[in-house]
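In case you want the letters, here they are:
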Amino acid sequence: MNILVTGGAGYIGSHTCVALLEAGYSVIVADNLCNGKEETLNKVKQLTNKDLTFYEIDVTDDIAVNTIFSKHEIDGVIHFAGLKAVGESVERPLTYYNNNVVSTMVLAKACLTYGVNRFVFSSSATVYGDNKVPFIETMDLLPTTNPYGETKAMSERILTDIVKANPAFSVSLLRYFNPVGAHESGLIGEAPNGIPNNLMPYVTQVAKGKLEKLSVFGNDYPTVDGTGVRDYIHVMDLAEGHVVALDHLTEGVHVYNLGTGQGTSVLELVNAFEEANGIKVPYEIVERRPGDIASFYADASKAKRELGWTAKRDVIAMCRDAWRFEKNYME
Ligand code: NAD
Ligand code: UFG
């Protein structure tokens, strides 16, 4: 089966390409390389000893997208391509709505035109807003505080409406919690541009000596040690979740949380990193980061019940694999 993976040269997409190729799928990647590298795809081939097809295109470009659909018998689409920097989305809302929402519409339209009925979408736990934890799929979505989150909620709604009008179309909306870590080979992983916004890449860059110390954003939250709690999920568990979601896709819209169901605080993650790798991570406590919520984690029971999928790798494995990648990574 041929799967079109948009954003396949990026962080989660590249790990999912590995999982797809290992599961026997053929992979066609469409990526404009705005935040991905072609070199990453070479590493995917090296890791799996399998080939894949790559198109350097923008997936908001319907002519370019249609060219791919007309050249290949596509059986399903996994749509990762998107911009994901929350702060940037506040400064450049039009860029975010255009990139993240128009791409979903262009791809869904091509699927309908070419009779492709399987669509897996990268959503985010951010669509739950400030709901009560644990977040469960049946909750009403609350408005998010930034355009990035809105692009995810809108794409979910658009895909849901398309299914209502086209009952043969099958959509899986995967709401990721906090993806971290890297492939255990250390060959592919997360390499953000500039100073990282997210906790784990910040920690690995402090460990490497690229950054002096971690700023822990607040220690007065109502959590186990006062620091923010999140549901970190190993990127390979997430990647495997996509393969399972694709394998199980039936008509209609299916929403799944992909998380572990376990909350980990910032200081617990720092301690786990030090324990896993035997390296100190200097930190200081600073003010809360505006817009952060104290704690969120998944109710991950639906994916287990319906897909038979659970995350297998623990926080120590996440820290070990993230560090293995960072240690070897040359910019
Ligand atoms: P990433 O930036 O590493 O990968 C995204 C890839 O998409 C990049 O290779 C980029 O070049 C490509 N891309 C972006 N816009 C494109 C376009 N218009 N046309 C073609 N290619 C385009 O990000 P990631 O962390 O791998 O995230 C993948 C998806 O998962 C995104 O949709 C993101 O919003 C979503 N997500 C990520 C997280 C996270 O914390 N990493 C959490 C929840 C959801
Ligand atoms: N944190 C620090 N210092 C840092 C970075 C983060 O203390 O330098 C703390 C945050 O305050 C938070 C926790 O670490 O308590 C996790 O922060 P991240 O920035 O790594 O992740 P978020 O949960 O804020 O958000 C991420 C993505 C969102 C996505 C969400 C759920 O950035 O786009 O996960 O998937 F919606």
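Keep in mind that this is a model prediction, so the values were computed, not measured.

Novice: Whenever I open this one, the overall build of the chain confuses me. Can you help?
Specialist: Secondary structure summary: the chain contains 11 helices and 13 strands in total. Relative to the 2.2 N^0.38 estimate, which gives 20 Å for 331 residues, the radius of gyration of the chain is 19 Å and therefore close to what a compact globule would have. C-alpha extents for the chain along the principal axes are approximately 55 × 45 × 40 Å. For the chain, the proportion of its 331 residues judged to be buried stands at 54%. Sequence-distant contacts, at least 24 apart, represent 79% of the contacts inside the chain between residues at least 6 apart. Summed over all atoms, the accessible surface of the chain reaches about 14500 Å², with 49% contributed by carbon and sulfur. Here the chain contributes 29 positively and 41 negatively charged side chains, and the mean placements of these two sets differ by 2 Å.

Novice: Looking at this structure, how should I read the site of ligand 2?
Specialist: Taken together, 22 residues form the shell around ligand 2, and within it Phe177, Ser215, Arg230, Arg289 and Asp292 come nearest. Separating an oxygen atom of ligand 2 from a backbone N or O atom of Phe217 is a distance of 2.9 Å. Arg289 has a polar side-chain atom sitting 2.8 Å from an oxygen atom of ligand 2. Considering ligand 2 on its own, with 690 Å² of exposed area, one finds that the protein chains cover 89% of that surface. For the shell around ligand 2, the secondary-structure elements that each account for two or more residues are helix H7 (199-208) and strand E8 (214-217).

Novice: I tried to follow the sheet that holds strand E3 (residues 53-55) on my own but got confused; where do I start?
Specialist: What holds strands together in a sheet is hydrogen bonding between their backbones, with the strands either parallel or antiparallel. Taking strand neighbours across the sheet as the criterion, the 7 strands line up as E3-E2-E1-E4-E5-E6-E11 in an open arrangement whose pairing is parallel. Looking at the sheet topology across the chains shown, the edges are occupied by E3 and strand E11 (252-258). Here the strands of the sheet are splayed against their neighbours by 20° on average, with no regard to which way each runs. Summarising the sheet, strand E1 (residues 2-6) and strand E2 (residues 26-30) pair through 5 bridges and their orientation is parallel. Among the inter-strand pairings, Val5 is bridged to a residue of E2, identified as Val29. Across the sheet, helix H5 (residues 93-114) touches E1, strand E4 (76-79) and strand E5 (118-124), and the angle it forms with E5 is around 165°. Lying over the sheet, helix H8 (residues 235-247) contacts E1, E4, E5, strand E6 (170-176) and E11, oriented at roughly 160° with respect to E6.

Novice: I'm lost on H8 in this one. Help?
Specialist: Along an α-helix, residues three or four positions apart point the same way, because every turn accommodates 3.6 residues. Over its 13 residues, H8 runs 19 Å from end to end, which matches the ideal 18 Å to within 8%, given 1.5 Å per residue. Buried residues dominate H8, accounting for 11 of its 13 residues. For H8, every residue scored as buried is listed here: Val235, Met236, Asp237, Leu238, Ala239, Gly241, His242, Val243, Val244, Ala245 and Leu246.

Novice: Help me out: how do you make sense of helix H11 (residues 315-328) in this one?
Specialist: Taking 1.5 Å per residue, 14 residues should reach 20 Å; H11 reaches 20 Å between its end C-alpha atoms and fits that length. Looking at the buried positions of H11, the neighbouring elements they touch are strand E7 (178-180), H7, strand E10 (232-234) and helix H9 (266-277).

Novice: Honestly, the site of ligand 1 in this entry has me stumped. Any pointers?
Specialist: As a structural note, the neighbourhood of ligand 1 is formed by 26 residues, with Ile12, Asp31, Asn35, Lys84 and Tyr148 the closest of them. The separation between an oxygen atom of ligand 1 and a polar main-chain atom of Tyr11 is 2.8 Å. Here Cys34 contributes a backbone N or O atom positioned 3.0 Å from an oxygen atom of ligand 1. Compared with its free state, where it exposes 820 Å², ligand 1 has 95% of that area covered by protein. Within the residue set of the shell around ligand 1, elements represented by two or more residues are helix H1 (11-22), E5 and helix H6 (147-165). Of all the elements, E5 adds the most residues to the shell around ligand 1, at 3 residues. The class makeup of the residues in the shell around ligand 1 is 12 nonpolar, 10 polar and 4 charged.

Procedures and definitions
Residues numbered from 1 in each chain as written. Chains lettered and ligands numbered in written order. Predicted model: local features only at pLDDT ≥ 70, side-chain atom pairs only at ≥ 80, totals over all residues. Heavy atoms only, no water. Helix = DSSP H or I, 4+ residues; strand = E, 2+ residues; numbered from the N terminus. Rg over C-alpha atoms; globule rule 2.2 N^0.38 Å. Buried < 20%, exposed > 50% of the residue type's maximum accessible area, 1.4 Å probe, protein only. Contact = heavy atoms within 4.5 Å. Areas by Shrake-Rupley, 256 points an atom, 1.4 Å probe, with all protein chains shown as cover. Lys, Arg positive; Asp, Glu negative; His and termini not counted. Charge placed at Lys NZ, Arg CZ, Asp CG, Glu CD. Near = heavy atom within 4 Å. Polar contact = N/O pair within 3.5 Å; in protein donor to acceptor, adjacent residues only side chain to side chain. Pairing = 2+ DSSP bridges. Axes fitted to C-alpha atoms, helices over the stretch in contact; angles between N-to-C directions. Expected span 1.5 Å × (residues − 1). Nonpolar A, V, L, I, M, F, W, Y, C, P; charged D, E, K, R; others polar.

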